[in-house]
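Letter by letter, the chains look like this.
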Amino acid sequence: MSKFWSEFVHHLEPYVPGEQPKMARLVKLNTNENPYPPPPSVMQAIADATNDALRLYPDPDATALKEAIARHHGISSAQVFLGNGSDEVLAHLFMCFFRQPKPLLFPDISYSFYKVYCGLYDIDYRAVPLREDFSLALADYDANNGGIIFPNPNAPTGRLLPLADIQALLERNTETLVVVDEAYIDFGGESAIALVDRYPNLLVVQTLSKSRSLAGLRIGFAVGQAPLIEGLERIKNSFNSYPLDRLAIAAGVASFEDQAAFEDNCRRIIDSRESLVQALTQRGFSVLPSAANFVFATHAGHEGEALASALREQGVIVRHFKTPARIAPYLRISIGTEEQNEALLAALDQAL
Ligand SMILES: *Cc1c(COP(=O)(O)O)cnc(C)c1O
């Protein structure tokens, strides 16, 4: 604390990221990183970009990466906004679109950064409860709002909404912005990017952190109609002209050019997820249906917190949320490599 702080800083409640422990030989299944490295093509692109040009500023518009994303998704590059991780994209879009007289709506169990941005930008919000089975019912999101945001698949539940539900919401809710945060969409969902041309109030956010193994480089993007992107560019250019460095731009382009490696990586994780769900179920866990690179699981005979610490003693780190109370019995377990998943199961067998 310091008397030199601006007044509002005293009241901020910052986001708490999952820990990045320094211990060696950990089975780290707590922050939904990809367990596999970026493909050789991406490593090579970073090596090639590591040259004299690093003394020069990067392209402030990261045009090459916008074009690679546009090609991949069959859209125009004027429909792409880039940021230093999708967290920065989210921060900019909260500031750009959600400072409204009416409250922003998002699920009560969801990505906890949404609340933090509301605090930072003084945005009024209403947390809409998930149903009993942790499903997200968009019918519960009424017209009286200053905007709507939700992850699909949701985090930390992993539950996926069909595209038809999102389209039905867009048909009803035409006067405020709808943001779909698709951090995990590549692990089994259908992207709402397909709807962007039809709905001027739809913005879809994605990241290269999860399905593209690049959490360490910080690349995220939003897709929407050009006037939405133009608003975001105004915010970005009032904040930081160069959110993406040269190495990130090069790696991002290479990632979108190596479709085979990307599909392979996603497929491996989806297959491992299905085996892990089966193994957890055999051990007495209830596992929510997941379309993400993590599962959300609870065991009738054991407290979530006790299990998490029993695993930690054996070098396996998973994520446990103490609040809200409804999710305290659950563990969120990122899908690891096959070896990591086996280590998790061995540690669970000890703990149970
Ligand atoms: C991981 C995650 C993000 C942030 O991803 P970055 O691009 O690494 O900042 C955003 N939203 C959700 C729901 C996430 O799980």
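Residues numbered from 1 in each chain as written. Predicted model: local features only at pLDDT ≥ 70, side-chain atom pairs only at ≥ 80, totals over all residues. Heavy atoms only, no water.

Within an unreviewed UniProt entry, the label attached to the protein reads Histidinol-phosphate aminotransferase, and the organism entered is Alcanivorax quisquiliarum. The UniProt entry for the protein carries the following comment under Sequence similarities (unreviewed entry): "Belongs to the class-II pyridoxal-phosphate-dependent aminotransferase family. Histidinol-phosphate aminotransferase subfamily." You can read under Subunit (unreviewed entry) in the UniProt record for the protein the words "Homodimer." (UniProt positions renumbered as here; feature names shortened; annotations may be inferred.)

Peer 1: Help me understand the site of the ligand, please; the structure alone is not making it clear to me.
Peer 2: Taken together, G85, S86, D87, Y111, D181, A183, Y184, T207, S209, K210 and R218 make up the full set of residues adjacent to the ligand. The side chain of D181 places a nitrogen or oxygen atom 2.8 Å from a nitrogen atom of the ligand. Taking S209, its side chain carries an N or O atom lying 2.6 Å from an oxygen atom of the ligand. When isolated, the ligand has an accessible area of 390 Å², and the protein chains bury 93% of it. Per element, the largest residue contribution to the shell around the ligand is three residues, and it comes from helix α3 (residues 85–97). Partitioning the shell around the ligand into residue classes produces three nonpolar, four polar and four charged. (Near = heavy atom within 4 Å. Polar contact = N/O pair within 3.5 Å; in protein donor to acceptor, adjacent residues only side chain to side chain. Areas by Shrake-Rupley, 256 points an atom, 1.4 Å probe, with all protein chains shown as cover. Helix = DSSP H or I, 4+ residues; strand = E, 2+ residues; numbered from the N terminus. Nonpolar A, V, L, I, M, F, W, Y, C, P; charged D, E, K, R; others polar.)

Peer 1: Looking at this structure, how should I read the sheet that holds strand β5 (residues 147–151)?
Peer 2: Where strands meet in a sheet, backbone hydrogen bonds hold them as pairs that are either parallel or antiparallel. As summarised here, the arrangement of the seven strands in space is β2-β8-β7-β6-β5-β3-β4, forming an open sheet in which the pairing is mixed. The strands lining the two open edges of the sheet, one partner per strand, are β2 (80–83) and β4 (125–128). Each strand of the sheet is rotated relative to its neighbour by a mean of 20°, with strand direction disregarded. Pairing of β2 with strand β8 (residues 220–223) involves four bridges; the strand directions are antiparallel. The residue of β8 that forms the bridge with F81 is A222. (Pairing = 2+ DSSP bridges. Axes fitted to C-alpha atoms, helices over the stretch in contact; angles between N-to-C directions.)

Peer 1: Where do I start with the packing of aromatic side chains in this structure?
Peer 2: Any pair of aromatic rings gets described here by the distance separating the centres and the angle formed by the planes. Tallied over the full model, the rule gives 16 aromatic pairs. Relative to F294, the ring of Y184 lies with its centre 4.9 Å away and its plane at 80°, an arrangement referred to as edge-to-face. Placement of the pair is Y184 in the loop between β6 (178–181) and β7 (202–207) and F294 in strand β10 (residues 294–299), with a sequence separation of 110 residues. Of the two residues, Y184 and F294, neither departs from the other in class, the shared state being buried. (Phe/Tyr/Trp six-rings, centres within 6.5 Å; stacked < 30°, edge-to-face > 60°. Buried < 20%, exposed > 50% of the residue type's maximum accessible area, 1.4 Å probe, protein only.)

Peer 1: Explain the UniProt feature "domain: Aminotransferase class I/classII large" (unreviewed entry) in the protein to me, please; I cannot follow it from the model alone.
Peer 2: Following the UniProt record, the feature "domain: Aminotransferase class I/classII large" (unreviewed entry) maps to residues 26–348 here. Helix makes up 37% of residues 26–348 and strand 16%, with an end-to-end C-alpha separation of 15 Å.

Peer 1: Would you mind showing me how to read the pattern of salt bridges here?
Peer 2: For side chains bearing opposite charge, pairing can occur when the charged atoms are close. Applying the stated criterion to the full structure yields eleven salt bridges. In this structure, K66 engages E233 in a salt bridge whose closest nitrogen and oxygen atoms are separated by 2.7 Å. Of this pair, K66 sits in helix α2 (residues 63–73) while E233 sits in helix α6 (residues 226–236), and the two are 167 residues apart along the sequence. Accessibility expressed as a relative area gives 10% for K66, which makes it buried. Between R131 and D140 there is a salt bridge whose closest N-O contact spans 2.8 Å. (Salt bridge = Lys/Arg side-chain N within 4 Å of Asp/Glu carboxyl O.)

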